[in-house]
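A look at the structure
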Amino acid sequence: VNSNATTIILFGATGDLARRKLYPALYSLYKKKNNFAVIGVARRDYDHEVFRQNVYESLKNHSNPENDAEDFIKRFYYYPLDVKDTKAYDGLKELADQLNDQFDLQGNRMFYLSLAPEFFAPVTLNLKQAGLTTNTGWKRLVIEKPFGRDLESAAELNNSIHEVFEESEIYRIDHYLGKEMVQNIQVIRFANPIFEGIWNNRYISNIQITSSETLGVGERASYYDHTGALMDMIQNHMLQMVALTAMEPPSRFVTEDIRDEKVKVLRSIRPLTDSTVANSVVRGQYTRGTMPNGDVVKGYREEENIKEQSMTDTFVAAKLHIDNFRWAGVPFYIRTGKRMTAKSTEIVVQFKDAPKRPYFNNFNDLQPNLLVIHVQPDEGLSLKLNAKKFSTGGGSIPITMNFSNSNNDDGSSAYERLIQDCIHGDSTNFTRWDEVALSWQFVDYIAEAWKERNIPLDRYEAGTMGPASAHELLAKDGHHWWPLT
Ligand code: NAD
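Residues numbered from 1 in each chain as written. Predicted model: local features only at pLDDT ≥ 70, side-chain atom pairs only at ≥ 80, totals over all residues. Heavy atoms only, no water.

Some details on the overall build of the protein chain
When you go through the protein chain residue by residue, the secondary structure sums to 15 helices and 17 strands. In terms of overall size, the protein chain behaves like a compact globule, its C-alpha atoms giving a radius of gyration of 24 Å where 485 residues would be expected to give roughly 23 Å. Taking the principal axes of the C-alpha coordinates as reference, the protein chain spans close to 80 × 50 × 45 Å. For the protein chain, the residues scored as buried account for 56% of the 485 residues in total. Long-range contacts, defined as pairs at least 24 residues apart, comprise 76% of the intrachain contacts of the protein chain with a sequence gap of at least 6. Total accessible area on the protein chain is roughly 21600 Å²; 49% of this is exposed by carbon and sulfur atoms. On the protein chain, the mean spot of the 55 positive side-chain charges and the mean spot of the 64 negative ones are 5 Å from each other. (Helix = DSSP H or I, 4+ residues; strand = E, 2+ residues; numbered from the N terminus. Rg over C-alpha atoms; globule rule 2.2 N^0.38 Å. Buried < 20%, exposed > 50% of the residue type's maximum accessible area, 1.4 Å probe, protein only. Contact = heavy atoms within 4.5 Å. Areas by Shrake-Rupley, 256 points an atom, 1.4 Å probe, with all protein chains shown as cover. Lys, Arg positive; Asp, Glu negative; His and termini not counted. Charge placed at Lys NZ, Arg CZ, Asp CG, Glu CD.)

Encoded structure:
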């Protein structure tokens, strides 16, 4: 059975993610004529009406509710449950069965776990025990990050959920894969022969992927202090962007072929060694500093709920090598962090220099060609070229060709795309288990080296682009980070 109607059972319905992203996303999906009902599950003792008012508030704050919002919220039901209370799932099943008939939802069920990760496995097993997963239509599990804390715990979690769901029924969310411009990487690359022809080590000097934030840890402090940038950003979003930028064209544009190509990239990342972790991975933490808007902000160790001697990484930069024919000799530099100069995610492809002599002696300010994919906050593409200086005898100037999508995306549209994909049964933009496992393997090695060996934690002032060592990482190779645009 493949139909687009579904009951969505949303665990964590009173949480931050649900309010900021999921309800606005569901509202858009409702407007696009998807037929669903939602059972919100959380601990709080709401009734349906209070819950509906909460959903409505979320739309007022993060969306633009129109008249149809009245009908939309009538599709929301609330079921209070402590996820560990196994008996309570029976009532959840009753409600799900009832709504299935009431809204003609074809026996389909989406279980969306927007919960603390320690609940992912128990909830899945409890769903099975209560018979919620022996519905008559399709069943799909959408699971938020983080998927484990390391390879071992991720494998354990994976085994648990596989007792209930097949791999093809598991939708591991990496919301970066729902972003417009991340989805656009493949189109830019494979629909434009002018790029695909030069997308290799003959023409590309290096690739730089940045995801910077201006925010500090804020209210997520106690969670973040056990996580850090390596786990929170590199393991998932950053390595996914590397894979999409570096992958071979799949033989067919179908889910498993695309994922296979991404896996090959992850498998080709040169394994680290003790000395390469020390030389090509930078671990940073912000100190007190001044943000570009003039705000003086606390250092990480001064933040509330952070240990005074915390060694947590709020910044990571790394140099990766992808050992295959296409990328031999091309460094991929990645960096991500909090309290940096600007909030931005972008991918910079730096092409090799033109030969300097004999033709270009007069052009002393030639710049390398850059293709920049702007992921957020701006969505677009720019290409930096050299041109003759206009109206003068000689010299060149850099010119930039820009495409910018002025769409004002607050982040819920990534969730909208991903939930829509899940309703359609398309898991292309979700991470398959082998991608997750390979990413953990890479990250675990670094985490372990940081713990076991004497690898310094480099401090950087809030409001800067990271510690000096992050700049030296590129300078050693004769490169530098391109300023964010
Ligand atoms: P949150 O702490 O705001 O909400 C947690 C939800 O879980 C609440 O609805 C709470 O009632 C429910 N809950 C907690 N304990 C429970 C229990 N014992 N029984 C039943 N329900 C219980 O968390 P969040 O920020 O909404 O995050 C949810 C998930 O999404 C997490 O896995 C998080 O890592 C992930 N995520 C969040 C964001 C974000 O922007 N907030 C971004 C990416 C991923």
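As for the pairing of strand E13 (residues 344-351)
In the case of a regular strand, side chains alternate between the two sheet surfaces. The element E13 is largely enclosed, with a buried count of 8 among its 8 residues. Across the two faces of E13 the burial is the same, with Ser 344, Glu 346, Val 348 and Gln 350 and Thr 345, Ile 347, Val 349 and Phe 351 all buried. The sheet contact formed by strand E7 (residues 204-212) and E13 spans 8 bridges and is antiparallel. Bridge pairing in E13 places Ser 212 opposite Ser 344. Examined bridge by bridge, E13 and strand E14 (residues 370-376) share 6 bridges and lie antiparallel to one another. Looking at the pairing, Val 349 lines up with Leu 371 of E14. (Pairing = 2+ DSSP bridges.)

A short note on the sheet that holds strand E4 (residues 109-113)
Strand order in the open sheet formed by 6 strands is E3-E2-E1-E4-E5-E6, and the pairing between neighbours is parallel. The sheet is open, and its two edges are formed by strand E3 (76-80) and strand E6 (170-172), each paired on a single side. Ignoring which end each strand starts from, the neighbouring axes of this sheet average 20° apart. Here E4 pairs with strand E5 (residues 139-143) via 5 bridges, running parallel. Across the sheet, the residue bridging to Leu 113 is Ile 143, located in E5. (Axes fitted to C-alpha atoms, helices over the stretch in contact; angles between N-to-C directions.)

A few points about the UniProt feature "domain: Glucose-6-phosphate dehydrogenase NAD-binding" (unreviewed entry) in the protein chain
Under the local residue numbering, the UniProt record ascribes the feature "domain: Glucose-6-phosphate dehydrogenase NAD-binding" (unreviewed entry) to residues 9-184. Helix and strand shares over residues 9-184 are 44% and 16% respectively, and the end C-alpha atoms of the span are 30 Å apart. (UniProt positions renumbered as here; feature names shortened; annotations may be inferred.)

Here's the deal with the nonpolar core
Membership of the largest hydrophobic core comes to 109 residues, with the highest contact counts inside it found for Phe 11 and Tyr 89. A per-element tally of this core places helix H10 (residues 228-246) first, with 12 residues. Excluding its chain neighbours within four sequence positions, the residues that come into contact with Phe 11 are Val 41, Leu 81, Val 83, Tyr 89, Leu 92, Tyr 112, Leu 113, Ser 114, Leu 115, Val 123 and Leu 127. (Core = buried A, V, L, I, M, F, W, Y, C linked by side-chain atoms within 4.5 Å.)

Some words on the site of the ligand
As a matter of local geometry, the ligand sits amid 20 residues, with Thr 14, Asp 16, Arg 20, Leu 115 and Lys 145 nearest to it. Within the backbone of Val 83, one N or O atom sits 2.9 Å away from a nitrogen atom of the ligand. Here an oxygen atom of the ligand sits 2.8 Å away from a polar atom, N or O, in the main chain of Lys 145. Look at the ligand: alone it shows 830 Å² of surface, and the protein chains cover 78% of it. For the shell around the ligand, the leading source of residues is helix H1 (residues 16-31), giving 3 residues. Along the lines of polarity and charge, the residues of the shell around the ligand split into 10 nonpolar, 4 polar and 6 charged. (Near = heavy atom within 4 Å. Polar contact = N/O pair within 3.5 Å; in protein donor to acceptor, adjacent residues only side chain to side chain. Nonpolar A, V, L, I, M, F, W, Y, C, P; charged D, E, K, R; others polar.)

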